[in-house]
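Now for the letters of each chain:
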Amino acid sequence: MTKVLVIGSGGREHALVWKLAQTQCKAYCAPGNGGISQLAHCIPISADNISELLAFVKKENVDLTIVGPELPLSLGIVDEFQEAGYKIFGPTKNAAQLETSKAFARKFCSKYNLPAPNFEIFNDSKRAISYLETKEFPVVIKVSGLAQGKGVFIVQSLNEAHSIVKKILENRIFGEEGNTIVIEDFIEGKEISLLTLCDGEKIIPCIPARDHKPLYDGNKGPNTGGMGTYAPVPELDEKWTEKIENELLTPLLEALKKENIEYHGVLYIGLMIKEDKPYILEFNCRWGDPEAEVLLPLLKNDLVEICINVIEGHLSILEWKKLYALTVIMASGGYPGKYETGKIIKGNLADNDNTLIFHCGTKRIDHSFYTSGGRVLAITGIGATLAEARKYAYQRVSEINFENMYYRNDIGVL
Ligand code: GLY
């Protein structure tokens, strides 16, 4: 039986392990979480401990490793596993720069004329402020390195910009990841998460998804890793798919080739659509979270086959169920700032015909689950329409509770 190791511990990794459970394979997850432990053998190795992960794969003769989060990719896990002769799904350290350095990604878009906002790059706060003094607001200030979804600020005034630049470039609240910032023009439009699969030669899009990054209803408040998602996006029809293919994916593939980036894995393109034109906001080099929790349940193909095809360069068509999926994130009060853990989760957490419950941050003790992260559960409804998927998801949300829980009420309100 094929042995597969998933690396990571969130809702995305639970969705990956859930999808693997539809296949004949033996699944491991490092380190996993309470929910994942119901479907896979959880191994207590952290996602950034590459040498121990590799030793485990060698010892157990694991056939395929799937990397969930960006951190091990940024540390070169794919390069090390490949050198040792093991199959691993994800881009190399060099290719992952598209996510790990926003400055690199912006220069790449500009060099190849890919549609993106105007930007400037700074590592000196005085120069950044002088530039901001010439700008109209809002503007977007981004930490160039990795910031767990918390490094993007939509800034409304010069005063606010001063304070953010100071915190990042002088007080180093993001450490070295914030040595450099990117300041971009703000583009008002509708956001799309377009996840694609690349096999080094081809780039094949998934159905489009929509994330809800701000903490509060009405897309207000600080950015989070994502408070809810749905897919597909009803307003995007076949004409849109064709347009995206011509205006975005074909030029992107050419740019990757010219830059000698042989990309294998998920390339997630965060897009803003304004007046029918797509602008690249960011790249991520992995499945999105919570995008994975809506896309994987709708994907018909076998996940192991897809991963092997992506690694070996044989990717062909992706097939999707003609349904909608919608995820609501139940979070610990205080997230994305400080929050408490160890709260007992009450309610029925079993999947049923219309809902799947992915664990993002839980611990299992005996037969009970306790909170152990900022995002705790991803409640996914599946229905024939978006409204139906939404109804199923929120129905289950109303039946679950833990102390100080928080969720948005407007996921999927168009
Ligand atoms: N949901 C946004 C992300 O995965 O980066």
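Just above sits the structure.
Residues numbered from 1 in each chain as written. Predicted model: local features only at pLDDT ≥ 70, side-chain atom pairs only at ≥ 80, totals over all residues. Heavy atoms only, no water.

Colleague: Describe the pattern of salt bridges, listing the residues and the values that go with them.
Modeller: All told, the structure shown has 21 salt bridges when counted by the stated rule. With a shortest N-O distance of 3.1 Å, Glu 99 and Arg 286 are connected by a salt bridge. With Glu 99 in helix α5 (residues 97-100) and Arg 286 in the loop between β17 (277-284) and α10 (291-298), this pair connects stretches of sequence that are 187 residues apart. For Arg 286, a relative accessible area of 12% translates into the label buried. If you follow the salt bridges from partner to partner, you end up with Lys 3, Lys 59 and Glu 60 in one network. (Salt bridge = Lys/Arg side-chain N within 4 Å of Asp/Glu carboxyl O. Helix = DSSP H or I, 4+ residues; strand = E, 2+ residues; numbered from the N terminus. Buried < 20%, exposed > 50% of the residue type's maximum accessible area, 1.4 Å probe, protein only.)

Colleague: Quick rundown of the pairing of strand β16 (residues 264-274)? Include the residues and the values.
Modeller: Counting buried positions over the 11 residues of β16 gives 10, a clear majority of the element. Two elements, strand β10 (residues 190-199) and β16, share 10 bridges in a ladder whose sense is antiparallel. Bridge pairing links Glu 191 to Met 272 in β16. In this sheet, β17 lies alongside β16 in antiparallel orientation, the contact comprising 7 bridges. Following the sheet pairing, Ile 273 is matched in β17 by Pro 278. In sequence, β16 turns back onto β17 through a hairpin of 2 residues, with Glu 275 there showing a positive phi of about 45°. (Pairing = 2+ DSSP bridges.)

Colleague: Outline helix α8 (residues 158-170), supporting the account with residue identities and numerical values.
Modeller: Compared with the 18 Å implied by 1.5 Å per residue over 13 residues, the 17 Å span of α8 between its first and last C-alpha is a close match. Against the buried residues of α8 lie β6 (119-122), α7 (125-132), β7 (139-143), β8 (152-155) and β9 (181-185). Two residues or fewer past α8, Arg 172 is found with a positive phi of approximately 55°. (Expected span 1.5 Å × (residues − 1). Contact = heavy atoms within 4.5 Å.)

Colleague: Can you break down the nonpolar core residue by residue, with the values?
Modeller: Within the largest apolar cluster, 70 residues are counted, with the highest numbers of intra-cluster contacts made by Ile 77 and Phe 283. Looking at this core element by element, the count peaks at 8 residues for helix α9 (residues 238-258). Dropping the residues within four chain positions of it, Ile 77 is found in contact with Ile 7, Ile 50, Leu 53, Val 67, Pro 72 and Ile 88. (Core = buried A, V, L, I, M, F, W, Y, C linked by side-chain atoms within 4.5 Å.)

Colleague: Explain the sheet that holds β16 to me, and be specific about the residues and the numbers.
Modeller: Each strand in a sheet pairs with its neighbour through backbone hydrogen bonds, running either in the same direction (parallel) or in the opposite one (antiparallel). Strand order in this open sheet of 4 strands is β11-β10-β16-β17, and the pairing throughout is antiparallel. Strands with a single pairing partner mark the edges of an open sheet, and in this sheet they are β11 (203-205) and β17. Between one strand and the next, the sheet's axes are offset by a mean angle of 35°, whatever the strand orientation. In this sheet, β11 lies alongside β10 in antiparallel orientation, the contact comprising 3 bridges. Bridge pairing in β11 links Leu 197 to Ile 204. The sheet strands contacting α9 are β10, β11, β16 and β17, and the helix crosses β16 at an angle near 130°. This element, helix α11 (residues 303-312), spans β10 and β16 of the sheet and lies at about 70° to β10. (Axes fitted to C-alpha atoms, helices over the stretch in contact; angles between N-to-C directions.)

Colleague: Which residues make up the sheet that holds β7, and what values do they have?
Modeller: Pairing within the open sheet is antiparallel, and its 4 strands lie in the order β6-β9-β7-β8. Unpaired on one side and paired on the other, β6 and β8 mark the two borders of the sheet. Looking at each pair of strands side by side, their axes are set apart by 20° on average, direction ignored. Where β7 and β8 come together, 4 bridges link them in antiparallel fashion. When the bridges of β8 are listed, Lys 142 appears paired with Val 152. Along the sheet face, α8 touches β6, β7, β8 and β9 and points at about 160° away from the line of β8.

Colleague: Could you give an account of the site of the ligand, with specific residues and numbers?
Modeller: As a structural note, the neighbourhood of the ligand is formed by Asp 211, Lys 213, Gly 225, Tyr 268, Asn 284, Arg 286, Gly 288, Asp 289, Pro 290 and Glu 291. Residue Asp 211 places a side-chain N or O atom 2.7 Å away from a nitrogen atom belonging to the ligand. Arg 286 has a polar side-chain atom sitting 2.8 Å from an oxygen atom of the ligand. Compared with its free state, where it exposes 200 Å², the ligand has 90% of that area covered by protein. Among the residues making up the shell around the ligand, the classes are represented as 2 nonpolar, 3 polar and 5 charged. (Near = heavy atom within 4 Å. Polar contact = N/O pair within 3.5 Å; in protein donor to acceptor, adjacent residues only side chain to side chain. Areas by Shrake-Rupley, 256 points an atom, 1.4 Å probe, with all protein chains shown as cover. Nonpolar A, V, L, I, M, F, W, Y, C, P; charged D, E, K, R; others polar.)

Colleague: Now, about the packing of helix α1 (residues 11-20) against α10: what can you tell me, with residues and values included?
Modeller: Two elements in contact, α1 and α10, have axes separated by 8 Å at closest approach and are oriented at 10°. One element, α1, and the other, α10, form an angle in the roughly parallel class. The handedness of the crossing between α1 and α10 comes out as left-handed. Residues Gly 11, Arg 12, Ala 15, Leu 16, Trp 18 and Lys 19 of α1 pack against Ala 292, Glu 293, Leu 296 and Pro 297 of α10. Its residues assigned to classes, the contact of α1 with α10 shows 6 nonpolar, 1 polar and 3 charged. (Parallel < 35°, antiparallel > 145°, perpendicular 65-115°, else oblique. Left-handed = near helix turned anticlockwise from the far one by under 90°.)

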